[in-house]
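Here's the letter readout for the chains.
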Amino acid sequence: MSVSGKYLIHYLKGYGYKNNVSLSRIIDNNIVAKKFKNKAEKVLLKPDIILSSIPTAELSLEAVKFGKKYNIPVVLDIRDMWPDVFLDVLPDIIRKIYPLFSQFIERKLKKACNQADQIIGITNEFVDWGIKHSGRTKEVLDKEFYLGYIPSKSNKKDINKGFKYWSHHYGLFKNSDDLVVSYFGVLGKVYDFDPIIKAAEILQKKKVRKIKFVICGTGENLEYLREKTKNLKNFFLPGWVYKDEIES
């Protein structure tokens, strides 16, 4: 698909998967990597630089191989500690045999990290994780680049709608002097919200009513969080919210 005269997007159809940690995803990763390998060779105008993200190790390894073949520098962008995240969600029985098959995935990860020209990531810890798998020392160009975005500006009418939403549904008022601790994002199993819940429990027990927690978003952890916090008066789980609610 041509976006502009200098910008082309080429889609690769995979196997598809419904769960981030599943056999279907592993199959998908390998299919997409193989398709990239075949398609990249047919591109007449080779790139000046390649940016490849982990996950997936399979695709990144093919990107590194392609870069080495044509003397193109490759930058690996560590966006998730895959496949380490497997351990956080696997049942205990499967976790015990995980090392038997994890080596096949990690082997590709290590090769990709080792042969990449530069490793970047969304935090310094992510960069260090990539460097650890590369088997080399950290260099000046191995840097973290934090996630960010340009916030959209809502008009006064929309902002007021956002304020009404919070006051009507959750008793959170515009001019209140409450300290509101907020989060907007994915509620996945790899995120640890238990320390926040524990803090809310302690504050409620001590009858500190001026500090409130608002955790917004959806994901596989949402029902778990709702069950854990059903007796907390200072912990709110609105689910999915929109820009007016976020900005207000």
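If you're wondering where the values come from, they're calculated on a predicted model, not measured in any experiment. (Residues numbered from 1 in each chain as written. Predicted model: local features only at pLDDT ≥ 70, side-chain atom pairs only at ≥ 80, totals over all residues. Heavy atoms only, no water.)

(A) Layout of the pairing of strand β5 (residues 118-121). By the alternation rule, side chains of β5 split into Gln118 and Ile120 and Ile119 and Gly121, which are all buried. Relative to β5, strand β4 (residues 74-78) runs parallel, the two being bridged by 4 bridges. What sits directly across from Leu76, in β5, is Ile119. (Buried < 20%, exposed > 50% of the residue type's maximum accessible area, 1.4 Å probe, protein only. Helix = DSSP H or I, 4+ residues; strand = E, 2+ residues; numbered from the N terminus. Pairing = 2+ DSSP bridges.)

(B) Quick peek at the sheet that holds strand β3 (residues 50-54). Reading across the sheet, the 3 strands line up as β3-β4-β5 and stay open at both edges, with parallel pairing between neighbours. The open sheet has two edge strands, β3 and β5, and neither has a second partner. Each adjacent strand pair in this sheet contributes to an overall mean axis angle of 25 degrees, direction not counted. Helix α2 (residues 57-69) rests against β3 and β4 of the sheet, and its axis sits at about 160 degrees to β3. Against the sheet, helix α5 (residues 124-134) contacts β3, β4 and β5, and its axis sits at roughly 150 degrees relative to β5. (Axes fitted to C-alpha atoms, helices over the stretch in contact; angles between N-to-C directions. Contact = heavy atoms within 4.5 Å.)

(C) Up close: the pairing of strand β7 (residues 211-216). With 5 of 6 residues buried, β7 is to be regarded as a mostly interior element. Bridge count for strand β6 (residues 179-184) against β7 is 6 bridges, and the pairing is parallel. For Ser182, the partnering residue across the bridge sits in β7 and is Val214. Note on the crossover from β6 through helix α7 (residues 194-205) to β7: the handedness is right-handed. For β7 and strand β8 (residues 235-239), the ladder comprises 3 bridges, and the chain directions are parallel. If you follow Phe213 over to β8, its bridge partner there is Phe235. In the classification by handedness, the crossover that spans β7, the intervening helix α8 (residues 222-228) and the parallel β8 is right-handed. (Right-handed = clockwise from strand over helix to strand, strands pointing away.)

(D) Up close: the sheet that holds β6. Strand order in the open sheet formed by 3 strands is β6-β7-β8, and the pairing between neighbours is parallel. Both outer strands of the open sheet, β6 and β8, are each paired with one neighbouring strand and no more. When the angles between neighbouring strand axes are averaged without regard to direction, this sheet yields 20 degrees. Against the sheet, helix α6 (residues 156-170) contacts β7 and β8, and its axis sits at roughly 125 degrees relative to β8.

(E) Representation of a positive patch on the surface. A surface patch of positive charge is lined by Lys13, Lys35, Lys39 and Lys42. Relative to the assigned elements, Lys13 resides in the loop between β2 (7-8) and α1 (23-40). Take Lys13: its relative accessible area is 65%, and that puts it in the exposed class. (Patch = residues over 30% accessible without salt bridge, like charges linked within 9 Å, V, L, I, M, F, W, Y side chains within 5 Å. Areas by Shrake-Rupley, 256 points an atom, 1.4 Å probe, with all protein chains shown as cover. Salt bridge = Lys/Arg side-chain N within 4 Å of Asp/Glu carboxyl O. Lys, Arg positive; Asp, Glu negative; His and termini not counted. Charge placed at Lys NZ, Arg CZ, Asp CG, Glu CD.)

(F) The arrangement of the nonpolar core in detail. Counting residues in hydrophobic clusters, the biggest one holds 22 residues, and the most contacted among them are Ile50, Ile54, Leu76, Ile78, Leu109, Cys113 and Ile119. Contributing elements (two or more residues each) for this core: β3, α2, β4, α4 (92-115) and α5. The dominant element in this core, judged by the number of residues it contributes, is α2, at 5 residues. Judged by nonpolar contacts, the second largest core, of 12 residues, contains Phe193, Ile197, Phe213 and Leu232. (Core = buried A, V, L, I, M, F, W, Y, C linked by side-chain atoms within 4.5 Å.)

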